[in-house]
Structures are given as structure tokens and as C-alpha cells.
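Observations on the model geometry
Each chain, letter by letter, is given below.
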Amino acid sequence: MIETIRPRFGIRWFAVGCLMLAAGAVGAGRAAPQASEEPRLDLIIRGGRMFDGSGNPWIRADVGIQGERIVAVGDLSDASAEVEIDATGLYVAPGFIDVHSHALAGLITEDRSAAAPLLYQGLTTVVINPDGGGGLDVAEQRDALLAHGLGVNVAQMVGHGTVRGAVLGMEDRAPTADELAQMRVLVRRAMEDGAFGLSSGLFYAPGSYAELDEVIELAKVVAELGGAYGAHIRDEADYTIGVVAAVDEVIRVAREAGIPGVVTHIKALGPNAWGESETIVERIDAARAEGVEMYADQYPYEASSTGLSAALLPRWSQAGGSDVQARRFADRQTRARIRQAMVDNLARRGGADRLQFTGGGPEMEGRTLQSLADQQRTDPIDVAIEIITGGLPGSIISFNMHTDDLRRLMVQPWTMTSSDGGLPAFGAGKPHPRSYGTYPRKIRKYVLEDGFVTLPAAIRSMTSLPATAYRIEERGFIRSGTFADVVVFDLDRITDRATYTDPHQYSEGIVHVLVNGDVALRDGEPTGARSGVVLRRNGAK
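So, a few notes on the structure that sits alongside this text. (Residues numbered from 1 in each chain as written. Predicted model: local features only at pLDDT ≥ 70, side-chain atom pairs only at ≥ 80, totals over all residues. Heavy atoms only, no water.)

**Description of the overall build of the protein chain**
- Counting its regular elements, the protein chain contains 18 helices and 22 strands.
- Taking 2.2 N^0.38 as the reference for a compact globule, 541 residues should give roughly 24 Å; the C-alpha atoms of the protein chain span a radius of gyration of 24 Å, in line with that estimate.
- Overall size of the protein chain, expressed as C-alpha extent along the three principal axes, is 90 × 50 × 45 Å.
- Each of the 541 residues in the protein chain was classed as buried or not, and the buried ones make up 58%.
- A fraction of 76% describes how many contacts in the protein chain between residues 6 or more apart in sequence connect residues 24 or more apart.
- Working note: accessible area of the protein chain is about 19,800 Å², and carbon and sulfur atoms make up 49% of it.
- Looking at the protein chain, you have 54 positive and 70 negative side-chain charges, and the mean spots of the two groups are 1 Å apart. (Helix = DSSP H or I, 4+ residues; strand = E, 2+ residues; numbered from the N terminus. Rg over C-alpha atoms; globule rule 2.2 N^0.38 Å. Buried < 20%, exposed > 50% of the residue type's maximum accessible area, 1.4 Å probe, protein only. Contact = heavy atoms within 4.5 Å. Areas by Shrake-Rupley, 256 points an atom, 1.4 Å probe, with all protein chains shown as cover. Lys, Arg positive; Asp, Glu negative; His and termini not counted. Charge placed at Lys NZ, Arg CZ, Asp CG, Glu CD.)

This is how it looks when you write it as C-alpha cells:
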């Protein structure tokens, strides 16, 4: 049990660290007593089964923390601390890292910046601005994130769609040479301000209007500054080029720009694409064998979440922005073309009974498109058009994946865990349960119940692998000298409770969480500590 919340001794960390180094106690091994006094730390986690994050099996080890750093790992029976956590019977791991998070909107609000739903999952770091979106000015965004303090660490990406939109708006055309130069400047500025890489959403407008050469040129700027490329691929089904060709696009960007490439929330979406995971694995394995640094991330659910417009509208109908789109719907012949494309796209998603609304008030939230159509005694496509043209909330959960594909992609050594979730206002709407349950769910269902993934592999996919892929330095491992982002969990109790119909339920079994050495979750309850920081790539200033 935690006895007290310790004071911070930032200056004393260096002195104690040197003392322990001199004694040969830092790192795996025994903390030797000193002639004058025993080593005294800020916090010691004792007696846990410790995963270091590398994928190795657990070892019995204590973890000693001074200030915001881990300073000793091993037998610390001869050391004492201001605070001691008894982890007997529990597991200790590096804090989990979510490389695809939509938590920004919640983190910049005072009431949600403590990030309770994230801490209950064991998360200590989230990577924001995915899918080509997010703020253009990462320095300004960083200030907004820090305004009320942060319960977790945040790493920023710069969004290709945001950059393109700033220069070209919603125009469906290639940039001129001058416009591409402007885009390069915006990406470079974001990277120099500390962004960890470029995200894209080539499935969404305006990113979908870009040819791949444009993305490659921006990725080359990111590569110069040591960043990565995370892509919501152009097609996860068979909307346009098909999921395999869309994965090949990420490989091409990674190869030609010389940059780590990540297929984010990897999947084979819809019945027409089921089974394509086998070819996807072959393509990524072949690329890695060639020397292309490729990864993927994935959430452990068979349903995705997106907007109704993104799921059903053809991209040409969105070019030019909302006013132009409205005029297209007002034209009878153009409306008929849009409607037919929506019919085809709904079939790709498996039908109207597979699309569930997350918001829109009690008349909509939690209900399927088919249910609304049955109630109105009309066609589901006409209901969808009414929602889109009426400006009603159109966020949906789409039940579109096959278990075999999910599992095949999950077990790959290059697949990280991610949530694609946000930080919703508790009780508001019916968001995807991944916002509350991703990390405990993977351990409970796929490690413990199905036995499909080993626990060391699952922990690696949540810790050192994302830190490696995105070059998040000094995190993702439990080692002497790394930042003290640590999760302590009860394997017997760890589980997700959030469901599709009742998503606002915190996960269970995460006992303690430390963020930069401060206790953010104690005995399963948030402490209110806001010790998170906005990370910068390679310590950029």
C-alpha cells in the first residue's frame, strides 16, 4: 500500500543517483548499503513481477525512483524510500503508450485534463493529431495542453490534412510548386517545434485529394528531423484502390522518404476485404526484409468508428467544402449519383444494421441506421442523407471486421496496441468502448481468455515497441535512467467493462500508475496529480 504522497527532491536525485552508481547498485542487481547511511529514495515499488517492456518474461525485481527517473532495478532490500508500494502478487510494467489517440479535445479542458479514463487503462503517454488532423501550430497547441496541467504525457504529430487544408483548402487538385513549398515549411516548423512525425488520413477529405508524391515530399522533411509517418491508409476496404494497395502506399512512403512507416489502426474493413490480412502481412514482412522500417498499430475490437459522411459519401462530393457539397445535393442528377455511391459504400460496410450512432441525443445514440430507417419506414440511405444534409451529429460505430483478420494482424511482432479513442465527457453519448477499455481488454480477452497472445508480447506492444517506432526516448522500458512512467496491475482482476451499449465504464485491475515519478493512480483511484508533460522529439526545444 502507498503510505503517503512524497515531496519532490529534484536536487537530491543527482546526489543519490551518484551515490548508487558509486556503489554499483544502479541497474539490475542489489542496492548496496553505504558506510554512512542507507540509500534513501523517493519511492520504491517492492516485490512485483516486473516486465521491462522488451518482451522478456517477468522477473522478480524492485524498482527505485528518485524524482522523475528510475534509478535502480533489482533487489533494493537495503534501500528505503519516502513512499513504498507493496506489489506482492502484482505485475509491474512500463506505462502504456497509445500511439493513436483522439484525447486532445478532452486534455485541453480543465475537468478532463487529469485523464482518468486513460489512467484506468494504464496509459501514461498518448500520441495525438492522428489521421492527418489536429492543430497546425504545435507550439500553440502545447500551451493549450499545459494550461490546466496534464494527467498523462502527450506527444504531438503534424497532420498532412491540416497542412494541405491550410494551403489548398478543400480543393481536389495537386499543389503547385509554390504551394508544395509552403506545405514543406509548415511541416518543418512543426517538426522543429517538437512534433514526432507526420500523420495522414488519405481516406478523408482533403487528404484523399493528394497524390502520393505529395506525401512523400512532406515525409522527406520529417525524415530529415528524425520523425515517423503514421497513416490512416487511403482504403481499408475496397472503396478505391483496395486495402492491399493502400498498405503498399505506406511502404512506398517509408521506402522513398527513408522514414519509419506505420499503418495505423490496421484492419481489413468489410466483407469484401475479409481475408486480406494474409496478404497485408506478407507485404509488410517483405518490406521489412528489404530494409524498410514498417510497423502497424491496432485496437482489439471488431468494430471501428468514424463519421457517417466519411463512411458513405464519395470523396468527389465533398470537394470544395460544405457549401459546394450542399449545392451538389440540391441538384437532382448529382444527388442521384451521390446516392448510388452511398448505396455501394453501405454495402461495403456490411449494411445499415452494422452502423450504430454514438451521438445525436436519445432519438439516435446507441441505435443503428437500420433501426432509424425502420422507425421512419424509409430507406436507410435516405435517412443517412437527411442526417448529413441536416447537419446532425453523424459519428458512428461500424461493425465491420472479422476475428481471423484481427488475430492475424495482432500477433505480428511489428504490431503495436493503440486505442483510436478519445477522452469523452463521462456519460455523454455512446462512444466506442475503446476510449475506456482498449489496454485491459487486450490483456483480458486475447492473453488470458483466448490465449492468443503471450503477456510479455502484449506488454511489449504497449510499451517499448511504440516508443521505438516513434522514437519516444527514455520511455517504454523499465531501466535505470528512464523516466518513471510505471503501471502496476492485478492480472486476476484486469478487465475492460465498457461495452458498445454502455461505454462509460472504467476498466478494472490497474492498481497504481506513476507518471514522471508521481503517483497518478493509487489503489485504483486517481490522485488528481497532473505530472504529465508535452514531449518533444529528440528533446527539441
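**Concerning the sheet that holds strand 16 (residues 355-357)**
- The strand order across the open sheet built from 3 strands is 15-17-16, with neighbouring strands paired in antiparallel fashion. The sheet terminates laterally at strand 15 (303-307) and strand 16, the two strands that pair on one side only. Across this sheet, the average inter-strand angle for adjacent strands is 30 degrees, counted without regard to direction.
- When strand 16 meets strand 17 (residues 395-399), the two strands line up antiparallel, connected through 3 bridges. Bridging across to strand 17, Leu-355 finds its partner in Ser-398. (Pairing = 2+ DSSP bridges. Axes fitted to C-alpha atoms, helices over the stretch in contact; angles between N-to-C directions.)

**Let's talk about unusual backbone geometry**
- Across the junction of Ala-205 and Pro-206, the peptide omega takes the value 5 degrees, indicating a cis bond.
- With respect to the helices and strands, Pro-206 occurs in the loop between strand 11 (197-201) and helix 7 (212-224).
- Here Ala-115, not a glycine, exhibits a phi torsion of approximately 65 degrees, which is positive.
- Note that Ala-115 resides in the loop between helix 2 (104-107) and helix 3 (116-119).
- The phi angle at Asn-129 is positive, at roughly 65 degrees, despite the residue not being glycine.

**Describing the environment of Ile-70**
- Within the secondary structure layout, Ile-70 lies in strand 4 (residues 69-75).
- Counting along the chain gives 446 residues from Ile-70 to Asn-516, while the straight-line C-alpha distance between them is 9.2 Å.

**Some points on the nonpolar core**
- Within the largest apolar cluster, 63 residues are counted, with the highest numbers of intra-cluster contacts made by Val-187, Tyr-229, Val-263, Met-294 and Tyr-470.
- Sorting elements by how many residues they give to this core places helix 8 (residues 243-257) first, with 9 residues.
- Once residues within four sequence positions are removed from consideration, Val-187 is found in contact with Val-158, Val-163, Leu-198, Leu-218, Val-221 and Val-222.
- The next biggest cluster of nonpolar side chains, apart from the first, holds 40 residues, and it includes Tyr-91, Val-152, Tyr-446 and Val-515. (Core = buried A, V, L, I, M, F, W, Y, C linked by side-chain atoms within 4.5 Å.)

**Here's the deal with the pairing of strand 11**
- With 5 of 5 residues buried, strand 11 lies mostly within the body of the structure.
- In this sheet, strand 12 (residues 228-232) lies alongside strand 11 in parallel orientation, the contact comprising 5 bridges. When the sheet's bridge partners are listed, Ser-199 is paired in strand 12 with Gly-230.
- For the crossover from strand 11 across helix 7 to strand 12, the handedness is right-handed. (Right-handed = clockwise from strand over helix to strand, strands pointing away.)

**Quick word on helix 15 (residues 403-410)**
- Along helix 15, the residues classified as buried are Asp-405, Leu-406, Leu-409 and Met-410. An end-on view of helix 15 places all buried positions within 130 degrees of arc, on one side of the element.
- Contact partners of the buried residues in helix 15: helix 9 (277-290), strand 14 (294-298), strand 18 (415-417) and helix 16 (434-449). (Arc of directions from axis to C-beta.)

**Here we look at the sheet that holds strand 12**
- Here 6 strands make up an open sheet; going across it, the order is 10-11-12-13-14-18 and the pairing parallel. The open sheet is flanked by strand 10 (158-159) and strand 18, the only strands paired with a single partner.
- Of the strand pairs in this sheet, strand 12 and strand 13 (residues 261-263) are connected by 3 bridges, and their pairing is parallel. Considered in strand 13, the bridge of Ala-231 is made with Val-263.

**Here's the deal with the side chain of Gln-141**
- On the secondary structure map, Gln-141 appears in helix 4 (residues 138-146).
- Among all residues touching Gln-141, those that are not within four sequence positions of it are Leu-104, Ile-128, Asn-129, Gly-134, Gly-135 and Gln-156.

**Notes on the environment of Ala-330**
- Counting through the fold element by element, Ala-330 comes out in helix 11 (residues 322-330).
- The exposed category is assigned to Ala-330, whose relative accessible area is 67%.

**Observations regarding the packing of aromatic side chains**
- Under the counting rule described, the total for this entry stands at 11 aromatic pairs.
- With centroids separated by 6.4 Å and ring planes inclined at 75 degrees, the aromatic side chains of Tyr-301 and Tyr-500 adopt a geometry described as edge-to-face. Linking Tyr-301 in the loop between strand 14 and strand 15 with Tyr-500 in the loop between strand 19 (486-489) and strand 20 (510-515), this pair joins segments that are 199 residues apart in sequence.
- On the accessibility criterion, Tyr-301 (1% relative accessible area) is buried.
- The interplanar angle of 40 degrees and the centroid separation of 5.2 Å between the aromatic rings of Phe-426 and Tyr-506 together place this pair among those described as tilted. With Phe-426 in the loop between strand 18 and helix 16 and Tyr-506 in the loop between strand 19 and strand 20, this pair connects stretches of sequence that are 80 residues apart.
- Relative accessible area serves as the criterion here: at 26%, Tyr-506 is assigned to the partly exposed category.
- Taken together, the ring pairs in this structure connect Tyr-120, Phe-426, Tyr-436 and Tyr-506 into an aromatic cluster.
- The ring of Tyr-295 has Arg-288 sitting right over it, with the charged end atom 5.2 Å from the ring centre.
- The positively charged end of Lys-445 is found above the aromatic ring belonging to Tyr-446, 5.4 Å away from the centroid. (Phe/Tyr/Trp six-rings, centres within 6.5 Å; stacked < 30°, edge-to-face > 60°. Lys NZ or Arg CZ within 6 Å of the ring centre and 35° of its normal.)

**Considerations on the side chain of Ser-80**
- Within the fold, Ser-80 resides in strand 5 (residues 80-86).
- A distance of 2.9 Å separates a polar atom in the side chain of Ser-80 from a polar atom in the side chain of Arg-40. (Polar contact = N/O pair within 3.5 Å; in protein donor to acceptor, adjacent residues only side chain to side chain.)

**Let's talk about the packing of helix 5 (residues 160-168) against helix 6 (residues 177-192)**
- It is the contact of helix 5 with helix 6, at a shortest axis distance of 10 Å, that shows an interaxial angle of 135 degrees. Regarding the angle of helix 5 to helix 6, the classification is oblique. The two elements helix 5 and helix 6 meet at a crossing, and its hand is right-handed. Along its contact with helix 5, which presents His-160, Val-163, Arg-164, Ala-166, Val-167 and Leu-168, the element helix 6 presents Glu-179, Gln-182, Met-183, Leu-186 and Val-187.
- Class assignment of the residues belonging to the contact of helix 5 with helix 6 gives a composition of 7 nonpolar, 2 polar and 2 charged. (Parallel < 35°, antiparallel > 145°, perpendicular 65-115°, else oblique. Left-handed = near helix turned anticlockwise from the far one by under 90°. Nonpolar A, V, L, I, M, F, W, Y, C, P; charged D, E, K, R; others polar.)

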